Amino acid sequence: MLACASAAVQGLQVGQAAPRPVARGAATMKDPFAFTLGVVGDLHMDPRDLDDSFEGRSHIKKILDEAGTPGSTYVCSLGDLGESKDCTQTQQLFAGTTPCFELVRDFLDGFGHPYDIVGGNHDLEGIDEFATDEENLEAYLSIMGKETPQYCHQVADKTLIVGIGSTVFRGAKYTSHEVFVDKDQCAWFEKTITDHPAEDGWRIFVFSHAPIIGSGLRVLQECHVVNGCCWLNHSGGKNGDPRTTTKFIELVRRHRCIKAWFSGHFHLGQDYQDSITFPTIPREEGPYPNRGSCVFAQTSVMRAGTSRDTRQQSRLLRGNKDGFEICTVNHAAGGTVRLDATITYTDSNHEVGVYAHDHAELDHDSFMKVYSPSEGDECYVGYDGDGDGVSIDPTDGCQVDEETVAWWHMSDGRVLGVYDGRLIEYEPSTLAPLGLVVGYDELQGKKVVVVGSGVPDECVASTASVSQAVGMEGADCAEFEGEEQAVLLVDEETGGITVVQPNEDGSYWRKIVRNKMVRMKEKRREEAAAEYARLLLEERGDGDGDGDGYQVVSSWGPYTSTVGTAKTTGVPGLTAPTAREPAAGREGDALRDAPVAAGGGVGISVYRPGYER
């Protein structure tokens with residue numbers, strides 16, 4: 001049944017040459033379940049600035065050297081190995097390159113303990129050196145001494161460490177910085193945990209670059225939420241299948257052998273209560289979070305230059321037969337160790353977690369706002385029992401501002417909410433944020449209203465009237481699930497109403513940032529247009545030859561209106577004239593349509609959230 005390598009014998013195949021096997025010392029002989037792990041977050045090593053990296057390594061190495069668990073020590077790196085900048089004056093990003101992998105290999109060898117790595121979203125970013133993700137991945141695995149992106153090692157009796165890594169950058173469906181675990185790894189991961197059940201006494205500790213949806217860890221709304229790269233397989237992976245996003249939390253709930261899951265990615269410190277989340281919480285603090293038997297832990301960074309909140313920290317994980325403890329190694333304070341949480345096993349399927357210290361908060365930085373809905377909280381807006389069952393006024397007739405907090409279910413089960421001045425979509429089963437629907441720049445000063453938009457009563461086969469509109473023939477009775485609804489943004493001052501259309505898959509959140517390779521090509525096309533403008537003006541003798549006399553803009557698909565026949569392609573107000581000035585929006589926003597209906601002084605526009613540069 002055992003499918004993993006022993007740390008004492010095979011773990012050192014990753015990185016350094018294996019020394020002679022070391023017999024377990026007296027402390028370990030007393031408790032064969034004892035182990036000590038150093039967990040390091042995003043390294044982002046920069047050859048111009050290595051002092052923090054080397055100092056942080058010395059702190060972890062000293063702890064492991066003195067751990068008293070010889071043969072059961074390990075270093076787990078959470079990926080993002082190199083700095084995503086030109087660190088070598090080659091006009092190439094350093095992350096994901098051969099020099100980057102070689103530097104990190106030497107660095108990890110210096111720990112003097114077994115180690116392994118999971119790939120992060122920057123680790124295949126060697127786009128100037130490697131033409132494909134496959135070539136980049138092959139170099140990463142070869143130089144780092146890995147056979148596969150995933151790993152599994154036994155570090156003590158009935159104790160496994162398991163890692164899964166990102167394998168896509170150039171081929172990402174949306175943002176290249178989504179941490180994507182491919183289907184082969186997912187199948188391997190499910191088999192590994194299935195083959196080592198809690199009922200047989202197995203304890204599994206998992207490592208990935210990004211956390212999984214449903215973990216409850218603090219996220220960055222200003223960065224990772226709006227860009228769709230918070231969670232493993234955030235947008236559904238390479239094929240855009242949302243089932244792969246929730247697959248991991250479903251496995252955690254089903255397999256109680258998973259005792260803890262460590263991640264990095266956010267560059268946030270470990271001083272907040274939601275930098276560690278427990279499987280259960282006191283009933284008076286909220287609903288049961290349904291995280292199986294798993295404790296989730298955010299891991300910070302070593303380098304000051306990569307920290308978002310000035311913290312420079314790593315994790316220490318120490319376990320034995322009775323449970324485990326999670327600690328912080330503070331690199332900014334000489335490597336001091338602080339106990340963060342103690343988890344005690346009550347039986348193979350249950351445990352009790354206790355925080356060990358008070359937690360800090362930063363003061364009102366907008367990117368640190370962290371509200372997530374929870375069942376039964378006071379911000380939930382339900383449907384009026386005396387109403388039509390499909391209409392709702394979640395902002396209670398008020399205009400949205402940065403203090404507005406409300407969330408609600410759509411009739412199809414999707415969850416939307418207003419928070420921090422934005423309209424956000426949440427994943428229904430976990431209530432974790434999925435992404436941005438409407439930004440503050442477009443939502444401020446407007447009301448959010450949901451109204452019914454369903455098929456009329458006469459829309460049955462025997463009595464239905466058939467549309468004769470071009471492109472819409474017979475579509476009046478298109479199939480639908482449940483009661484249809486429309487999300488409206490109402491500007492009472494101007495009389496404008498914006499209809500927020502869902503994406504083709506029924507979701508609402510905007511895939512704002514697309515694949516980096518696509519965006520680079522688009523940028524080169526714009527630069528070519530600017531150069532053409534410069535040459536044209538120079539030829540005509542206009543201007544000063546810098547091309548400033550022309551405005552270069554781009555237009556994108558796939559949709560700009562509800563018409564059934566393609567007649568025009570311009571975007572009113574951007575690439576084509578408009579008869580009516582649209583409501584204020586983001587500069588250069590190519591998603592707002594011309595009014596498609598008007599009456600009584602009210603302009604109605606359609607806003608499609610699914611595609612943006």
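Computed from a prediction, not measured in an experiment: that's the story for all the values here.

**So, the pairing of strand β18 (residues 433-438)**
Move 1: The element β18 is extensively covered by neighbouring structure, given that six of its six residues are classed as buried.
Move 2: Pairing between strand β17 (residues 422-426) and β18: four bridges, direction antiparallel. What sits directly across from Ile-424, in β18, is Leu-436.
Move 3: Here β17 folds back onto β18 in antiparallel fashion, the turn holding six residues, of which Leu-431 has a positive phi close to 60°.

**Thoughts on the packing of helix α5 (residues 183-194) against helix α7 (residues 243-254)**
Move 1: Where α5 contacts α7, the two axes come as close as 11 Å, and the packing angle between them is 5°. Classified by the interaxial angle, the pair formed by α5 and α7 is roughly parallel. Contacts between α5 and α7 involve Cys-186, Phe-189, Glu-190 and Ile-193 on the former and, on the latter, Lys-247, Phe-248, Leu-251 and Arg-254.
Move 2: Taken together, the residues of the contact of α5 with α7 sort by class into five nonpolar, no polar and three charged.

**Things to note about the pattern of salt bridges**
Move 1: Counting across every chain of the model gives 26 salt bridges.
Move 2: Arg-303 serves as the salt-bridge partner of Asp-49, at 3.1 Å between the closest nitrogen and oxygen. Within this pair, whereas Asp-49 is found in the loop between β2 (35-40) and α2 (51-65), its partner Arg-303 is found in the loop between β10 (295-298) and β11 (313-320), the two being separated by 254 residues in sequence.
Move 3: Overall, the relative accessible area of 4% leaves Arg-303 in the buried class.
Move 4: With a closest N to O distance of 3.0 Å, Glu-125 and Lys-516 form a salt bridge. Of the two residues, Glu-125 is situated in the loop between β4 (115-117) and α4 (133-144) and Lys-516 in helix α9 (residues 516-540); the sequence distance between them amounts to 391 residues. Like Lys-516, Glu-125 is buried.
Move 5: A network of salt bridges, in which partner residues are shared, links Asp-271, Arg-311, Arg-315, Arg-338 and Asp-340.

**Digging into the sheet that holds β17**
Move 1: Strand order across the open sheet formed by four strands is β15-β16-β17-β18, with antiparallel pairing between neighbours. Each edge of the open sheet is held by one strand with a lone partner, namely β15 (406-409) and β18. The sheet shows a mean angle of 25° between the axes of neighbouring strands, direction not considered.
Move 2: In terms of strand pairing, strand β16 (residues 415-419) meets β17 through five bridges, oriented antiparallel. Its bridge partner being in β17, Val-415 is matched across the sheet by Tyr-426.

**What about the sheet that holds strand β12 (residues 323-330)?**
Move 1: A sheet is described by the order of its strands in space; here seven strands give the open sequence β4-β3-β2-β11-β12-β13-β14, paired in mixed fashion. Both outer strands of the open sheet, β4 and β14 (350-355), are each paired with one neighbouring strand and no more. With direction set aside, neighbouring strand axes in the sheet form an average angle of 20°.
Move 2: Here strand β13 (residues 336-347) pairs with β14 via six bridges, running antiparallel. Bridge pairing links Tyr-345 to Glu-351 in β14.

**Quick look at the packing of aromatic side chains**
Move 1: Using the criterion set out here, one finds 12 aromatic pairs in the structure.
Move 2: With centroids separated by 5.4 Å and ring planes inclined at 55°, the aromatic side chains of Phe-35 and Phe-205 adopt a geometry described as tilted. Of this pair, Phe-35 sits in strand β2 while Phe-205 sits in strand β7 (residues 203-207), and the two are 170 residues apart along the sequence.
Move 3: Looking at Phe-35, the relative accessible area reads 3%, which means it is buried.
Move 4: The exposure class assigned to Phe-205 is buried, which follows from its relative accessible area of 0%.
Move 5: Ring geometry for Phe-248 and Trp-261: centres 6.3 Å apart, planes at 80°, overall edge-to-face. Note that Phe-248 is positioned in helix α7 and Trp-261 in strand β8 (residues 258-263), a separation of 13 residues in sequence. Accessibility classification places Phe-248 together with Trp-261 in one group, the buried group.
Move 6: What links up through ring pairs into an aromatic cluster is the set Phe-35, Phe-205, Phe-324 and Tyr-345.
Move 7: It is Lys-511 that lies over the ring of Tyr-174; its NZ or CZ is 5.8 Å from the centre.

**Overview of the side chain of Gln-485**
Move 1: Note on placement: Gln-485 falls in strand β20 (residues 485-491).
Move 2: Relative accessible area serves as the criterion here: at 13%, Gln-485 is assigned to the buried category.
Move 3: Here Tyr-383 takes part through its side chain, which lies 3.0 Å from a polar atom of the side chain of Gln-485.
Move 4: In this structure the side chain of Gln-485 is engaged in a polar contact, spanning 2.6 Å, whose partner is the backbone nitrogen of Ser-411.
Move 5: Residues in contact with Gln-485, not counting those within four places in the same chain, are Tyr-383, Val-390, Met-410, Ser-411, Val-450, Val-451, Gly-452, Ser-453 and Tyr-508.

**Brief notes about the state of the cysteines**
Here is the idea: a disulfide is a covalent bond, and it sits between the sulfur atoms of two cysteines.
Move 1: For the structure shown, the criterion picks out zero disulfides.
Move 2: Left without a disulfide partner, Cys-100 is nearest to the cysteine sulfur of Cys-87, which lies 8.4 Å away.

**A closer look at the confidence of the model for the chain**
Move 1: For the chain, the mean per-residue pLDDT works out to 80, and 76% of the residues sit at or above 70.
Move 2: The model gives residues 6-28 a pLDDT under 50, and that stretch makes 52 contacts with residues more than four places away or in other chains.
Move 3: Here residues 362-368 scores under 50 on pLDDT; set against residues more than four positions off or in separate chains, the count is 16 contacts.

**Concerning α7**
Move 1: The terminal C-alpha atoms of α7 lie 16 Å apart, and with 12 residues this matches the ideal 16 Å at 1.5 Å per residue to within 8%.
Move 2: Buried within α7 we find Thr-245, Thr-246, Phe-248, Ile-249, Leu-251 and Val-252.
Move 3: Contacts made by the buried residues of α7 are with α5, β8 and β10.

About the criteria used
- Residues numbered from 1 in each chain as written.
- Predicted model: local features only at pLDDT ≥ 70, side-chain atom pairs only at ≥ 80, totals over all residues.
- Heavy atoms only, no water.
- Buried < 20%, exposed > 50% of the residue type's maximum accessible area, 1.4 Å probe, protein only.
- Helix = DSSP H or I, 4+ residues; strand = E, 2+ residues; numbered from the N terminus.
- Pairing = 2+ DSSP bridges.
- Axes fitted to C-alpha atoms, helices over the stretch in contact; angles between N-to-C directions.
- Parallel < 35°, antiparallel > 145°, perpendicular 65-115°, else oblique.
- Contact = heavy atoms within 4.5 Å.
- Nonpolar A, V, L, I, M, F, W, Y, C, P; charged D, E, K, R; others polar.
- Salt bridge = Lys/Arg side-chain N within 4 Å of Asp/Glu carboxyl O.
- Phe/Tyr/Trp six-rings, centres within 6.5 Å; stacked < 30°, edge-to-face > 60°.
- Lys NZ or Arg CZ within 6 Å of the ring centre and 35° of its normal.
- Polar contact = N/O pair within 3.5 Å; in protein donor to acceptor, adjacent residues only side chain to side chain.
- Disulfide = S-S within 2.5 Å.
- pLDDT = per-residue confidence, 0-100.
- Expected span 1.5 Å × (residues − 1).

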